[in-house]
Amino acid sequence: MRDSDLKFFKDMLLERKVQIRKNIDDAMREIESLKDDEVGDEADHASVSTDRMIEQAISAQQSRELGEIDYALSKMQNGGYGLCEMCEEDISFQRLKVKPHARYCIVCREIIEKSANKN
Ligand SMILES: [Zn+2]
């Protein structure tokens, strides 16, 4: 991969990282403010719990993506970024543009997803 391409994806990853941090912060703040409202009546209480579970699920998912981004950034430093971890072919530029932290090419991704679905 060319240095200029590498930089392009690095900027994308770093930008995404900032965005995710912000999303997590927002979710946390939301959870905090819900806690303050907790002394409502019973009906409100139920929906507050559901909202909180959703927020927590969102932040768990975002944390996972944050980990994947850090992993991609470390691959940029150590070499191997943009290569599929399964077949070691280049991951297509188009795919990386959509998902710059992709670890597998589209073909291997499908194989992995299919075998995961069998469980
Ligand atoms: Zn592959």
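Everything quoted here is computed from the prediction, not taken from an experiment.

Where nonpolar side chains cluster on the molecular surface, the patch consists of Met86, Ile106, Val107 and Ile111 and spans about 380 Å² of accessible area. Inspection of the secondary structure puts methionine 86 in the loop between α2 (42-78) and α3 (93-98). In this structure methionine 86 comes out as partly exposed when scored by relative accessible area, which is 43%.

In an ideal octahedron of six donors the angles at the metal are 90 or 180 degrees, and in an ideal tetrahedron of four donors they are 109.5 degrees. Taken together, the protein ligands of the zinc ion are Cys84 (SG), Cys87 (SG), Cys105 (SG) and Cys108 (SG), with distances of 2.3 Å. Bound by four donor atoms, the zinc ion shows angles of 105 to 117 degrees at the metal and therefore tetrahedral coordination geometry.

Summed over the entire model, instances satisfying the criterion amount to three aromatic pairs. The interplanar angle of 50 degrees and the centroid separation of 6.2 Å between the aromatic rings of phenylalanine 9 and tyrosine 81 together place this pair among those described as tilted. Linking phenylalanine 9 in helix α1 (residues 3-36) with tyrosine 81 in the loop between α2 and α3, this pair joins segments that are 72 residues apart in sequence. On the basis of relative accessibility, which here comes to 0%, the residue phenylalanine 9 falls in the buried class. Here a set of aromatic residues connected by ring pairs shows up, and it is made of Phe8, Phe9, Tyr81 and Phe93.

The subject of this paragraph is the pattern of salt bridges. Summed over the entire model, instances satisfying the criterion amount to nine salt bridges. A salt bridge links arginine 16 to glutamate 65, with the nearest nitrogen and oxygen atoms 2.8 Å apart. Of the two residues, arginine 16 sits in helix α1 while glutamate 65 sits in helix α2, which places them 49 residues apart along the sequence. In this structure arginine 16 comes out as partly exposed when scored by relative accessible area, which is 30%. Aspartate 70 is the partner of lysine 17 in a salt bridge, and the nearest nitrogen-oxygen pair spans 2.7 Å. Of this pair, lysine 17 sits in helix α1 while aspartate 70 sits in helix α2, placing them 53 residues apart in sequence. A single network of salt bridges, built from pairs that share partners, joins Lys22, Asp26 and Arg29.

With 34 residues, α1 extends 49 Å between its outermost C-alpha atoms, agreeing within 8% with the 50 Å of an ideal straight helix rising 1.5 Å per residue. Within α1, burial applies to Asp5, Phe9, Leu13, Lys17, Ile20, Ile24, Ala27, Ile31 and Leu34.

This part covers the environment of alanine 72. The residue alanine 72 is located in helix α2 in this model. Taking the C-alpha atoms as reference points, alanine 72 and leucine 13, separated by 59 residues in sequence, lie 8.2 Å from one another. Those residues in contact with alanine 72 that lie beyond four places of it in its chain are Leu13, Tyr81, Pro100 and His101.

Okay, the confidence of the model for the chain next. Should pLDDT be low for a region, the predicted coordinates there are not to be read in detail. With 88% of its residues at a pLDDT of 70 or more, the chain has an overall mean of 87. Within the chain, α3 carries the highest mean pLDDT (95), whereas α2 carries the lowest (83).

Take unusual backbone geometry next. Even without being a glycine, glutamate 88 presents a positive backbone phi close to 65 degrees. Its place among the elements puts glutamate 88 in the loop between α2 and α3. Relative accessible area serves as the criterion here: at 63%, glutamate 88 is assigned to the exposed category.

Rules and cut-offs
- Residues numbered from 1 in each chain as written.
- Predicted model: local features only at pLDDT ≥ 70, side-chain atom pairs only at ≥ 80, totals over all residues.
- Heavy atoms only, no water.
- Patch = residues over 30% accessible without salt bridge, like charges linked within 9 Å, V, L, I, M, F, W, Y side chains within 5 Å.
- Areas by Shrake-Rupley, 256 points an atom, 1.4 Å probe, with all protein chains shown as cover.
- Salt bridge = Lys/Arg side-chain N within 4 Å of Asp/Glu carboxyl O.
- Helix = DSSP H or I, 4+ residues; strand = E, 2+ residues; numbered from the N terminus.
- Buried < 20%, exposed > 50% of the residue type's maximum accessible area, 1.4 Å probe, protein only.
- Donors = N, O, S within 2.8 Å, 3.2 Å for Na, K, Ca; no water.
- Tetrahedral: all angles 85-135°; square planar, octahedral: opposite > 155°, others 65-115°.
- Phe/Tyr/Trp six-rings, centres within 6.5 Å; stacked < 30°, edge-to-face > 60°.
- Expected span 1.5 Å × (residues − 1).
- Contact = heavy atoms within 4.5 Å.
- pLDDT = per-residue confidence, 0-100.

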